[in-house]
Amino acid sequence: MKMKRFLCTVMTVVLTASLIGCNVGNKPGTDPATDPLPEPDVQPIENQAQNTVSDPFPDAEIIIFDTFEDGEGFEWGTYSNGGTFTLACENGEMVADISKVGNLDYSCQISRDGFELNQDAVYGISFDIRSDIDRAMQWRFQLNGGDYHAYYMEDNVPIGPEAKTISATFTMEEATDPAPRFCFNLGIFDGMDADAAHKVYIDNFKFVLVDGSNAKEAEGLAKAVTLKVNQVGYKPDDVKKVVATIHDPVESFDICDAATGEVVYTGKFATDYVMSTNGDGRTFTGDFSDFNTEGEYYISANGIEDNSYNFTIGKNVFDDVAKSTVRMLYLQRCGCELDKELAGKFAHKECHTGKAKIYGTEDYIDVSGGWHDAGDYGRYIVAGAKTVADLFLTYEDSSRSRGDDYDIPESGNGIPDILDEARYELDFMLKMQAANGGVYHKVTCAVFPGTVMPEEETDELIVCPISTTATGDFAAVMAKASVIYKDIDADFASECLEASKKAYAYLEANAGADKTGFINPSDISTGEYPDDHISDEYLWAAVELYLVTGDASYQDKIIDLINTTFRAGLGWADMGHYAMYDYLKAKGIYGAGDAVRVKNEETNVNESDEDFIRRTFTEKMTSFAEDALEKSKSDPYFSCMRVYPWGSNMTIANTGILYRMMYNMTGDEIYDQYARHQIDYLLGINPTGYCYVTSAGTLSPEHPHHRPSQFVGEVMPGMLVGGPNSEPADPYASIVLKDKINGSCYVDNDTAYSINEITIYWNSPLIYLLQVYR
């Protein structure tokens, strides 16, 4: 989950990138030597001295005109990759104060967003520029994401102490871009002294439309399909729904054979509509649960022009997508070669195998292995722990998940492949534990790479400082691993338990002193995964160790933490449900048959510690589940959300796990039904009509923010994208979705990292649901 923060003062704006789950690929420009450009229609205007040139575009329509007189309304950002500089407005100029130019042309970059480039339109640009030293620079209009290629640029432009006005016109020859970026690249250029501190001054920046007579407007978002179904399909005995998004009532619908068009079933829509909270109006729901003939179908209805996408009814309808979502983890493996026979176009050589430097020291350690977290190649303990926890839940709650035939290198070894896959991450996590028991938060490079395959990210790896949240998650998942692998590899299970105890001891000594959680060092801009609430991770660790060892000291800590405040949840930040569910599975849910012996000073009657924990956990889980279920039942798409956060598809999948947990503990069929409906949402019954798993269904994401997919030019299958975001946080999505709300805020574009990225821990709860219901 990626966010960009803009840190602003009246006189300065510094753009920094903060990652939650993973971030935009922060290579803001490509190397012109390796990124040949088509010859644009360019008409350079001779450089002239500042204040002596008349306006080169007197009759053009002004798009941007920045004079930097007082710093108000300052909309310029900065990016650095090995360079060091600040940006301010001084004496009516924008001033880049550069202390280190770095080793790339874009190591020091100034950028401006907030405009559109229309195909076949002619644009003009002019600005005044000077520098304390003689040097070169580059300016460019570029794609703001993906490969960041230039639409038009001028490279190696000489500047020096004498101010000059630079002007040019160009034609936008590519498809209209509603959210491009303009950049000044002020990093290293040939002939420069890399150590020479200096300032670059920019004034009177003007960007205009010279001729828009042939301009092509940006393509709008396609209208969502009216009849929404689960595009993968339904098992014969499933509750089966179709949702029509239409203003006028529609009475009936037909299920048609996909091959012949023959009507094989006619059903009724509910007469009452439900008003969607997603800006898509009235919705009518139809039920065809009593139609269970296997085959491939689509749905049509009188008065609705478009048909639904095809879907299948079959006993094994989820097998392929269930397999592909697990294989996604294999394709995200780090530190090993991916074989072409198994990985296909996503095969690559070994990556990130060199030793990594422990931040703030001169020490290096081996931390190879694990999974690439998301669209970038960082590896994060809190993200990996959530993913492994979901795989363990899957293994325990679904006997069908224990296959040994998922086409990964370990297939056929007699061990369930989901445990082989989890083991690959656990081996990496063990390497991330420091001698004092604490666990390093993450290992990444200092900045995000460009659009490259993983073996081509060759910057120095940095192991970031220990965090208590990473340590707590590590302690919990290692304790559980000692149980899961006990009969598979006893030595490994013992190693995991000892590592867990060691991490827990670190928590005991340090958790009380941690008031902020992990914060990125100032020179690290990769994913932060900030979390200043340690109580849920601490609780989870205590529960898992208590269940393994029976040591009363862990139970005492559980009670201590219950009496404070801990966060329930199944995300990378809020882990409480993992603790509560495992405890209640082992000890039993607190139900009506239990005597209510609440600790009460007046009666002097005490319930046992175990009953107190059971009751508290039961009440808390039930409260969360009932609240979510009430909202899901009143939503036409079964969603419990009314505002959609970054990574909302994880929230949907996690809610499905919560409902299934409640069904497993209570037997209440309504929880089972709505757990299954969360799959329906993710696979097509949602406001946009998308199946959000790549290469599944008819309409699924083709352009995720995922470097291997972007590099190969083909989408990796089996990835669950982040999905709708009520508050888009990337430039592209912010512009194209400005008129959308809530569950309609989705666009399939690889620059939309706050909408369309992927992560291992978004896949893992879906793995659980698909394996349970396959």
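Residues numbered from 1 in each chain as written. Predicted model: local features only at pLDDT ≥ 70, side-chain atom pairs only at ≥ 80, totals over all residues. Heavy atoms only, no water.

Caption draft 1: Geometry of the overall build of the protein. Looking only at helices and strands, one finds 16 helices and 28 strands in the protein. On C-alpha atoms alone, the protein measures out to a radius of gyration of 28 Å, which is about the 28 Å that the 2.2 N^0.38 rule sets for 774 residues. Expressed as lengths along the three principal axes of its C-alpha atoms, the size of the protein is roughly 90 × 70 × 60 Å. Residues counted as buried form 60% of the 774 residues belonging to the protein. Sequence separation of at least 24 residues holds for 72% of the intrachain contacts in the protein that already meet a minimum separation of 6. If you sum the accessible surface of the protein, you get close to 29,400 Å²; carbon and sulfur atoms cover 46% of it. (Helix = DSSP H or I, 4+ residues; strand = E, 2+ residues; numbered from the N terminus. Rg over C-alpha atoms; globule rule 2.2 N^0.38 Å. Buried < 20%, exposed > 50% of the residue type's maximum accessible area, 1.4 Å probe, protein only. Contact = heavy atoms within 4.5 Å. Areas by Shrake-Rupley, 256 points an atom, 1.4 Å probe, with all protein chains shown as cover.)

Caption draft 2: Spatial organisation of the side chain of Asn144. Looking at the secondary structure, you find Asn144 in the loop between β10 (135-142) and β11 (150-159). Residue class for Asn144 comes out buried when judged on its relative accessible area of 8%. In this view, Asn144 contacts Asp113, Ala179, Pro180, Arg181, Pro731 and Thr751; residues no more than four positions away in its chain are not counted.

Caption draft 3: Here's a closer look at the packing of aromatic side chains. Following the criterion strictly, the structure yields 51 aromatic pairs and no others. A ring pair is formed by Tyr504 and Tyr538, whose centres lie 5.7 Å apart and whose planes are at 65°; its orientation type is edge-to-face. Of the two residues, Tyr504 sits in helix α6 (residues 490-510) while Tyr538 sits in helix α7 (residues 535-549), which places them 34 residues apart along the sequence. One exposure class covers both Tyr504 and Tyr538, and it is buried. On the basis of an interplanar angle of 10° and a centroid distance of 6.3 Å, the ring pair of Tyr690 and Tyr692 is categorised as stacked. Look at Tyr690 and you get buried, because its relative accessible area is 17%. The side chain of Arg333 reaches across the aromatic face of Tyr424, ending 4.5 Å from its centre. (Phe/Tyr/Trp six-rings, centres within 6.5 Å; stacked < 30°, edge-to-face > 60°. Lys NZ or Arg CZ within 6 Å of the ring centre and 35° of its normal.)

Caption draft 4: Structural detail: α7. Between its first and last C-alpha, α7 extends 21 Å over 15 residues, near the 21 Å set by a 1.5 Å rise per residue. Burial within α7 is extensive, with 12 of its 15 residues counted as buried. Looking only at α7, the buried set comprises Ser535, Asp536, Glu537, Tyr538, Leu539, Trp540, Ala541, Ala542, Val543, Glu544, Leu545 and Tyr546. Positioned one or two residues after α7, Gly550 has a phi angle of 75°, which is positive. (Expected span 1.5 Å × (residues − 1).)

Caption draft 5: Layout of the packing of helix α3 (residues 381-397) against helix α16 (residues 760-773). Between α3 and α16, the shortest axis-to-axis distance is 8 Å and the interhelical angle comes to 5°. Judged on the interaxial angle alone, α16 and α3 are roughly parallel. Note on element contacts: α16 touches α3 through Ile760, Tyr761, Ser764, Pro765, Ile767, Tyr768, Gln771 and Val772, opposite Ala383, Gly384, Lys386, Thr387, Asp390, Leu391, Leu393, Thr394 and Asp397. (Axes fitted to C-alpha atoms, helices over the stretch in contact; angles between N-to-C directions. Parallel < 35°, antiparallel > 145°, perpendicular 65-115°, else oblique.)

Caption draft 6: Region of interest: the nonpolar core. Among the nonpolar cores identified, the biggest contains 175 residues, and Phe392, Leu426, Tyr485, Ile558 and Phe617 are the most heavily contacted of them. Once you skip the residues sitting within four places of it in the chain, Tyr485 turns out to touch Phe392, Leu419, Ala422, Arg423, Leu426, Ala490, Phe492 and Ala493. Formed by 43 residues, the second largest nonpolar core is a distinct cluster that contains Ala121, Tyr123, Ala168 and Phe189. (Core = buried A, V, L, I, M, F, W, Y, C linked by side-chain atoms within 4.5 Å.)

Caption draft 7: Local environment of the sheet that holds strand β13 (residues 181-185). Reading across from one edge, β5-β8-β13-β10-β11 is the order of the five strands in this open sheet, with antiparallel pairing throughout. Looking at the sheet topology across the chains shown, the edges are occupied by β5 (76-80) and β11. On average, each strand axis in the sheet is inclined to that of its neighbour by 20°, with strand direction left out of account. When β5 meets strand β8 (residues 108-112), the two strands line up antiparallel, connected through five bridges. Note on β8: the bridge partner recorded for Trp76 is Arg112. (Pairing = 2+ DSSP bridges.)

Caption draft 8: Seen up close, unusual backbone geometry. For Asp120, which is not glycine, the phi dihedral falls at a positive 70°. By the element assignment, Asp120 lies in the loop between β8 and β9 (122-131). The backbone of Tyr529 shows a phi angle near 50°, a positive value even though the residue is not glycine. Within the secondary structure, Tyr529 sits in the loop between α6 and α7.

Keep in mind these numbers describe shape, not what the thing actually does.
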